[in-house]
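Architecture at a glance
One letter stands for each residue in the lines below.
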Amino acid sequence: MKYCSTRGKVQGLKFTDAVMMGLADDGGLLLPEEIPTFSKEELSALRQLSYPELAFRVLSRYIDDIPADDLKELIDRSYAGFDHPETTPLVKQDGLYILELFHGPTLAFKDVALQLLGNLFEYLLEKTGRRMNIIGATSGDTGSAAIYGVRGRKNINIFILHPKGRVSPIQELQMTTVTDDNVFNLAVEGTFDDAQSIVKEIFGDLDYKEQHALGAVNSINWARVLAQVVYYFYAWARISEETGSEELDVSVPTGNFGDIFAGYIARQMGLPIHQLILATNANSILSRFINNGDYSSAAVHQSLSPSMDIQVASNFERYLYYLYHKDAAAVCAAMDRFKQTGRLEFTAEQIATVQQTFRAATIDDAETLLTIGNFYKETGYILDPHTAVGVAAGRKIRSADQPLVCLATAHPAKFGAAVKSAIGREPELPAALHGIEKRPKRVTTIAADTGLIKEFIDHNAI
Ligand SMILES: *Cc1c(COP(=O)(O)O)cnc(C)c1O
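Residues numbered from 1 in each chain as written. Predicted model: local features only at pLDDT ≥ 70, side-chain atom pairs only at ≥ 80, totals over all residues. Heavy atoms only, no water.

Things to note about the site of the ligand
Which entries qualify depends on this criterion: The rule for a residue being near a molecule or strand is that one of its heavy atoms must lie within 4 Å of it. Contacts described as polar in this section are N or O atom pairs within 3.5 Å, which, within protein, must combine one atom able to donate a hydrogen with one able to accept it, while residues neighboring in sequence count only if both atoms come from side chains. A 1.4 Å probe and the Shrake-Rupley method give the accessible areas. Residues count as covered only by the protein chains that appear here. Grid points spaced at 1 Å over the protein atoms alone were grouped into cavities, where a 1.4 Å probe fits but cannot get out, and pockets, open sets with protein on both sides within 12 Å along at least five of seven lines, with lining residues defined by an atom within 4 Å of a point. A molecule is counted as occupying a cavity or pocket when more than half of its atoms fall within 2 Å of that pocket's grid points. Note on residue categories: nonpolar means Ala, Val, Leu, Ile, Met, Phe, Trp, Tyr, Cys or Pro, charged means Asp, Glu, Lys or Arg, and polar means any other residue, Gly included.
Lining the immediate surroundings of the ligand are 15 residues, of which Lys110, Asp141, Gly255, Asn256 and Thr409 lie closest. Taking Gly255, its main chain carries an N or O atom lying 2.8 Å from an oxygen atom of the ligand. The backbone of Asn256 places a nitrogen or oxygen atom 2.7 Å from an oxygen atom of the ligand. With the chains in place, 98% of the 380 Å² that the ligand exposes on its own is no longer accessible. According to the grid-proximity analysis, the pocket containing the ligand is the largest cavity. Here the residues of the shell around the ligand sort into five nonpolar, seven polar and three charged.

The structure is reproduced here in structure tokens:
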């Protein structure tokens, strides 16, 4: 399997090179040259497998430059630390399935990908005698999951930019209480989009990227998307085993379009997903795109689901590449147009194509709280605000005759204040978070200024 860029100037990369490159050198995003497919028989054979076994079946289709035994071992180690034997258990509540993706060390779905990515980096650096400085921007969950993925690892330093005061208190503590020498937290005075565009700019400076051997952990890294493809297969395997049902709908709380893009890839691989339901909060650019073809950015709103407070979704370019029939020149032109005008237009035919796969709904904060409150009353199960956005959208749009899977992207205790205003009490803190506010912290406040941030990295890079 070889990898190429959405912008056409990088081609023929091995998987391991694609992982190490992160953002493609031409400014695009890396994708496999072909999407492998599973036949019906191959899908059926997944039903009996454990999560790591199933992960190996899916990942090995994309990774042919790591020996099978090594890949198995990397997968096993990545999911051994999850606090549930099924890794991503499915829970049935009130006529729908909740796929709990929050059993990793930082209690959000990003651990599923970043535990694997941390192991891949360590493995590849050790093999090649290299070093790496990871730079990433986070709206909350990516940062802590990335930090936990690489803390204390040799030959890696990590610099995580978060928008100061715009992540939940628990998220902030999860990041800043990691005091390993190789971890640098930067509280940027700006929004998540500011932080993300600084990171993109730094990666666009190729001399600088090479000088510091920069690596990415943002959802721009293909390995993250790939790790997330696995749990769509896992959910399908469990449900089809239980009910014999072949098709399902999946509802995905969406910000950067990474998680739902993994669902799109799973669907292209032959997994019978009927509709992918894209759920946004008031930052609705992606649902407007799906419902009306209106892709125009607006100011970022702060919401009760802060990990989805995003207007410019970095993974969207990957989807555009397929929507434009793999025409890299068309992707380049569209990205230029978007940069200049803040909007993209689509033909009726393109919109029809989009709507064959995706449906979308926007759920505001009031409806999010109502959903948490009502779901709790009906079932006793506590949804986190991101998951609630997905549940509310899923219930509006789901097909009558198909199972609905709602991805649960965070543990409710990470967003205790929002949950409390919905159900009148805070969810119980899991053991991993007990006493976190008393631990020592390490964080640097810094202006949203690319030059200053580069200087900081110059001083602290490995
Ligand atoms: C990151 C995140 C999302 C959004 O996922 P994307 O891949 O950015 O679309 C949703 N919920 C939670 C809890 C998250 O951390």
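Observations regarding empty space enclosed by the protein
As a reminder of what qualifies: Grid points are joined across faces, edges and corners, and a volume is the space filled by probe spheres set on the points. Under the scheme used here, helices are H or I runs from DSSP no shorter than 4 residues and strands are E runs no shorter than 2 residues, and both carry numbers assigned from the N terminus.
The tally for this structure, following the rule as stated, stands at three cavities of 30 Å³ or more. If you add up the space inside the largest cavity, you get close to 310 Å³. Surrounding the largest cavity, 28 residues form its lining, Phe109, Lys110, Gly255, Asn256 and Ser307 being those nearest its centre. For the lining of the largest cavity, the secondary structure elements donating two or more residues are α6 (141-150), α10 (222-243) and α11 (258-268). Here the lining of the largest cavity is composed, by residue class, of 10 nonpolar, 14 polar and four charged. The space that makes up the second largest cavity amounts to roughly 90 Å³. Taken together, Ser139, Pro163, Arg166, Thr191, Phe192, Val300, His301, Gln302, Pro306 and Asp309 form the lining of the second largest cavity. Looking at the lining of the second largest cavity, its residues break down into four nonpolar, four polar and two charged.

Concerning the sheet that holds strand β15 (residues 444-447)
Rules: Whether two strands pair depends on DSSP finding at least two bridges between them. In this analysis, axes come from line fits to C-alpha atoms, helices being fitted only over the stretch in contact, and the angle between any two N-to-C directions falls in the range 0 to 180 degrees.
Sheet architecture is open: five strands sit in the order β8-β5-β6-β7-β15, paired in parallel fashion. The strands lining the two open edges of the sheet, one partner per strand, are β8 (214-216) and β15. Geometrically, the sheet is characterised by an average inter-axis angle of 30 degrees between neighbouring strands, direction not taken into account. The pairing of strand β7 (residues 183-189) with β15 spans four bridges and is parallel. Bridging from a neighbouring strand, Glu189 pairs with Ala447 of β15.

Section: the sheet that holds strand β3 (residues 90-93)
With respect to topology, six strands assemble into an open sheet ordered β3-β4-β14-β9-β10-β13, the strand pairing being mixed. Each edge of the open sheet carries a strand with a single partner, namely β3 and β13 (358-362). Neighbouring strand axes in the sheet, compared pairwise and without regard to direction, differ in orientation by 25 degrees on average. As judged from the five bridges shared by strand β10 (residues 273-280) and β13, these two strands associate in the parallel manner. Within the sheet, the bridge partner assigned to Thr280 lies in β13 and is Thr362.

Here's the deal with the pairing of strand β9 (residues 248-253)
Stated formally: The classification of residues rests on relative accessible area computed with a 1.4 Å probe and restricted to protein chains. Under 20% of the type maximum is buried, over 50% is exposed, and intermediate values are partly exposed. With its strands directed away from the observer, a crossover is right-handed exactly when the path from the first strand over the helix to the second travels clockwise.
Burial analysis of β9 places six of its six residues in the buried class, the great majority of the element. Covered by surrounding structure in β9 are Leu248, Val250 and Val252 together with Asp249, Ser251 and Pro253, the residues of both alternating faces. With five bridges connecting them, β9 and β10 associate as parallel partners. Residue pairing in the sheet places Val252 in a bridge with Leu278 of β10. Taken together, β9, α11 and β10 form a β-α-β motif whose crossover is right-handed. With three bridges connecting them, β9 and strand β14 (residues 404-408) associate as parallel partners. Note that in β14 the partner of Val250 across the bridge is Val405.

Side note on the packing of helix α5 (residues 110-128) against α6
Note the threshold: In this scheme, a crossing is called left-handed if the near helix is turned counterclockwise away from the far one by less than a right angle; it is called right-handed if the turn is clockwise. Contacts: residue pairs with any heavy atoms within 4.5 Å of one another.
It is the contact of α5 with α6, at a shortest axis distance of 8 Å, that shows an interaxial angle of 35 degrees. Taken as a pair, α5 and α6 cross one another with a handedness that is right-handed. Here Lys110, Asp111, Leu114, Gln115 and Gly118 of α5 lie close against α6, whose contacting residues are Asp141, Thr142, Ala145, Ala146, Tyr148, Gly149 and Val150. Split by residue class, the contact of α5 with α6 holds five nonpolar, four polar and three charged.

Section: the packing of aromatic side chains
Threshold: Aromatic contacts are taken between Phe, Tyr and Trp rings whose centres are within 6.5 Å, Trp giving its six-membered ring; a plane angle under 30 degrees counts as stacked, one over 60 as edge-to-face, and the others as tilted.
If you walk through the whole model with that rule in mind, you get 29 aromatic pairs. Geometrically, the ring pair formed by Phe257 and Phe261 is tilted, given 6.4 Å between the ring centres and 40 degrees between the ring planes. Judged by centre distance (5.7 Å) and plane angle (80 degrees), the rings of Phe257 and Phe316 are edge-to-face. Of this pair, Phe257 sits in the loop between β9 and α11 while Phe316 sits in helix α13 (residues 316-323), placing them 59 residues apart in sequence. Each member of the pair, Phe257 together with Phe316, is buried.

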